[in-house]
Amino acid sequence: MSFGITIIDRYIVREVITTWLAVMFVLLVVVTSVEIVQFLKWFLRGDLTTTTVLPLFINSQLKVLVLLIPVSLFLGVLLALSRLYMDSEMTAMMSGGIGPKQWFRSMLMVALPISLAVLVMMLYMRPWVALQRADINAQIRNVSIISTFAPGRFNRTPDGEAVIFMEDISKDGEAMSNIFQRFNKNGSTHIDLALSARKVTHETGLDYMLFENGNHYIGVPGQSDYQIIDYAEYGVLVPAPKDRSYPLRVQALSTKELWQSDDPEHKAELDWRITLPVSTLIIVMMALPLSQTTPRGGRYSKLALGILLYLIYSNLLGIGKAWISKGVVPYWIGTSWVHVLGVITLYILLRYSGLILAKNRSTDNNT
């Protein structure tokens, strides 16, 4: 048998990669749609500014991308090989002496490079993404309340005590026009109507919102204590964020720091960075026996079973990670027991589907 790349290898690899990219695109669209809705909710609520929305969105996409690669690759292989079975192409290959041994080689040509890429992303990109996210969250916490205001809508301050409306605001967020402000103070209602306002930073470092050419109304119209004050300038103190720090999560630690640490939680994170690429390789190999179907069975006949096995596998990995962080399982064991169960499941699937026996028959026939 030749160990070079054959036409069949190129054909199967092309089918798998094409289907994988299509599945990845669909999953990304679904996840992105959900995140866009959530980001819009945060933005309209004033939790995000225009300068932090895009960096945080890109950061979230990079974080999700690593987690989507294993499941999208598994579904891509499952759907691609199911189509080959449904169109009787696998049967034609076996009739020509091309059996499961060659199919596994083609699968490895796809799974190995992608698993190695996942390993690199988990070891190096994952902590970088987590560190960048911590920096972005720190910027969000440190941002001035004024920077969260949006023109053309009523903006509520974080403490909920004031409502501000502005017709227009400059791109840098420093100048505003046609301002309305309402807040309660000492049991009285205060309303401001100003032609313009701008952000001013005092020499003490405190931020002020300076209203210009406006009127200040105190109380309820018609009552004896109702007051109207005309002013050229009127400054309102903008409260600084209470918490300017953002704690780093364990995901932001470098692989070297995790390796040198004896903390069970750090060891669990290190194990997770290694175990995800290994599980990617095993779960992709499971797709070969799971994809076995007939023209009458349909392309999606075993899709539900495949998804169920993937969910069980991923949940067991999550349980194993939790056990490591709690000290229930020593680090040297880690999540290896889950991979052992995965390999046993793979062998059972191969035996049940007849692919191991088919390989033996194919070898006997060639002999």
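This one's a predicted model, so the numbers in the text were calculated from it and none came from an experiment. (Residues numbered from 1 in each chain as written. Predicted model: local features only at pLDDT ≥ 70, side-chain atom pairs only at ≥ 80, totals over all residues. Heavy atoms only, no water.)

S.K.: Residues and numbers for the packing of aromatic side chains, please.
M.R.: Summed over the entire model, instances satisfying the criterion amount to four aromatic pairs. Ring centres 5.9 Å apart and planes at 15° place the aromatic pair Phe74 and Tyr310 in the stacked group. One end of the pair, Phe74, is in helix α2 (residues 50-86); the other, Tyr310, is in helix α7 (residues 303-325), with 236 residues separating them in the sequence. Three or more aromatic residues link up through ring pairs in this structure, and these residues are Phe211, Tyr231 and Tyr234. Positioned above the aromatic ring of Trp259, the side-chain terminus of Lys267 is 5.7 Å from the ring centre. Seen from the ring of Tyr331, Lys267 lies directly overhead, with NZ or CZ sitting 5.0 Å from the centre. (Phe/Tyr/Trp six-rings, centres within 6.5 Å; stacked < 30°, edge-to-face > 60°. Helix = DSSP H or I, 4+ residues; strand = E, 2+ residues; numbered from the N terminus. Lys NZ or Arg CZ within 6 Å of the ring centre and 35° of its normal.)

S.K.: Requested: an account of the side chain of Lys267, with residues and values cited.
M.R.: Topologically, Lys267 is positioned in helix α6 (residues 264-290). Although Lys267 lies buried, it forms no salt bridge, and the closest oppositely charged side chain, Asp262, sits 5.0 Å away as judged by the N-O distance. With near-sequence residues (within four places) excluded, Lys267 lies in contact with Leu258, Trp259, Ser261, Asp262, Ile324 and Tyr331. (Buried < 20%, exposed > 50% of the residue type's maximum accessible area, 1.4 Å probe, protein only. Lys, Arg positive; Asp, Glu negative; His and termini not counted. Salt bridge = Lys/Arg side-chain N within 4 Å of Asp/Glu carboxyl O. Contact = heavy atoms within 4.5 Å.)

S.K.: Would you mind going over helix α8 (residues 336-353) in detail, with residue names and values included?
M.R.: Under the 1.5 Å per step criterion, the end-to-end length of α8 is 26 Å for 18 residues, consistent within 8% with the ideal 26 Å. Along α8, the residues that are buried comprise Val338, His339, Gly342, Leu346, Leu349, Leu350 and Ser353. Around the axis of α8, the buried residues are gathered within 120° of arc, so they sit on the same side. In α8, the exposed residues that point more than 90 degrees away from the buried face are Ile348 and Tyr352. Positive phi shows up at Gly354, right after α8, with a value of about 85°. (Expected span 1.5 Å × (residues − 1). Arc of directions from axis to C-beta.)

S.K.: Tell me about the confidence of the model for the protein chain, and please be specific about residues and values.
M.R.: Close reading of the predicted structure is inappropriate where its pLDDT is low. Per-residue pLDDT for the protein chain averages 80, and the proportion of residues at 70 or more is 84%. Contacts from residues 358-367, a stretch scored under 50 in pLDDT, to residues over four places away or in other chains number six contacts. (pLDDT = per-residue confidence, 0-100.)

S.K.: Describe in detail the nonpolar core, supporting the description with residues and values.
M.R.: In terms of nonpolar packing, the biggest core is built from 49 residues, with Ile12, Phe74, Val77, Leu81 and Met286 touching the most fellow members. Met166, Ile169, Phe211 and Val236 belong to the second-largest nonpolar core, a separate cluster that totals 13 residues. (Core = buried A, V, L, I, M, F, W, Y, C linked by side-chain atoms within 4.5 Å.)

S.K.: Describe α7, and please don't skip the residues or the numbers.
M.R.: Spanning 23 residues, α7 covers 33 Å between terminal C-alpha atoms, matching the ideal 33 Å at 1.5 Å per step. By the burial criterion, the buried members of α7 are Gly306, Leu309, Tyr310, Tyr313, Leu317, Gly320 and Ile324. Taken from the residues just after α7, Gly327 is the one with a positive phi, measuring 80°.

S.K.: Outline the pattern of salt bridges, listing residues and values.
M.R.: Applying the stated criterion across every chain, the model contains seven salt bridges. Between Asp9 and Arg105 there is a salt bridge, with the nearest N and O atoms lying 2.7 Å from each other. Here the residue Asp9 occupies a position in helix α1 (residues 7-45), and Arg105 occupies one in helix α4 (residues 100-142), the gap between them amounting to 96 residues. Looking at Asp9, the relative accessible area reads 1%, which means it is buried.

S.K.: Could you give an account of the environment of Leu67, with specific residues and numbers?
M.R.: Mapped onto the elements, Leu67 comes out in helix α2. Leu67 gets classed as partly exposed once you look at its relative accessible area, which sits at 43%. Leu67 sits 55 residues away from Met122 along the chain, and the two C-alpha atoms are 9.6 Å apart.

S.K.: Describe in detail the environment of Gln292, supporting the description with residues and values.
M.R.: Looking at where Gln292 falls in the secondary structure, it is placed in the loop between α6 and α7. We classify Gln292 as partly exposed; its relative accessible area is 21%. Separated by 209 residues in sequence, Gln292 and Arg83 have C-alpha atoms that sit 9.4 Å apart.

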